[in-house]
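# What the coordinates show
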Amino acid sequence: MNSYRPMCELRVLIITIFLLLSLVATAQARSDYDVGTGIGFVSGSPDGTNFAHSFQMDWLIVNGRNSILGRFWTSVGPYVQFVPPGPYMHVAGAVVARLHWHFLDHFLEDCDDCKLHHALTLSPFIGMGGMHAQLNQAGGITQDFSYYSPVGLSLDYDFLRRFGVSVNFVHNFHDLNVGNGGGHDRGSEAFFFTIRFTL
């Protein structure tokens, strides 16, 4: 917006994140879940390219199913993206559903000595939530609150049974109106290197 709004929008975002966490907590408690944190950047924001952090947590809701294309399973969990305060900052949170695909299983299933296909997973994901953004320019501070829908793809590699790394590409769908230039910023791209733990 082109006027400084009260902090109620940020409180709405915080409440939304807690509600999303409560929703995800209803997933199967007996299943393992992955926790991941990443560093990277967001590009195409109202202030250009910015350093960013991410956090994710995934609960298994459908166990692996084999097919001619490999082994699949699905998960759901919270996803948070954070650009630290500076000229531009944003906090975005969403519930994200992921499809995990061991895409090499079918091609290397007869190779007993090959471990790569058990460690590599391709995971497309999509989510819905909310986003708060703030931009500090010479004309003053402007901020806005928007829906937030991350759509992305990650390539996961598991070094050990409970430890792995990922590279993640995310397109952020939103509708922000911050800054003195006017107009709406309807999307940005993000890239993260993530470390994951299975608890």
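Provided above is the structure to which this section pertains.
The paragraphs below set out a description of the structure included in this document. This one's a predicted model, so the numbers in the text were calculated from it and none came from an experiment. (Residues numbered from 1 in each chain as written. Predicted model: local features only at pLDDT ≥ 70, side-chain atom pairs only at ≥ 80, totals over all residues. Heavy atoms only, no water.)

### Some points on the overall build of the protein
The secondary structure content of the protein amounts to 3 helices and 8 strands. Secondary structure elements of the protein, listed N to C terminal, follow the sequence α-β-β-β-β-α-α-β-β-β-β. Looking at the 199 residues of the protein, the share that counts as buried comes to 44%. Pairs at least 24 residues apart make up 61% of the contacts formed inside the protein by residues separated by at least 6 positions. When the accessible area of the protein is evaluated, it comes to approximately 10300 Å², of which 66% is carbon and sulfur surface. (Helix = DSSP H or I, 4+ residues; strand = E, 2+ residues; numbered from the N terminus. Buried < 20%, exposed > 50% of the residue type's maximum accessible area, 1.4 Å probe, protein only. Contact = heavy atoms within 4.5 Å. Areas by Shrake-Rupley, 256 points an atom, 1.4 Å probe, with all protein chains shown as cover.)

### Some remarks on the side chain of S123
Here S123 shows up in strand β5 (residues 120-137). Side-chain polar atoms of S123 contact the side chain of H100, separated by 3.1 Å. Within the local environment of S123, its side chain forms a polar contact with the side chain of D156, the two groups lying 3.0 Å apart. When near neighbours in sequence (up to four residues on either side) are disregarded, S123 contacts L99, H100, G152, L153, S154 and D156. (Polar contact = N/O pair within 3.5 Å; in protein donor to acceptor, adjacent residues only side chain to side chain.)

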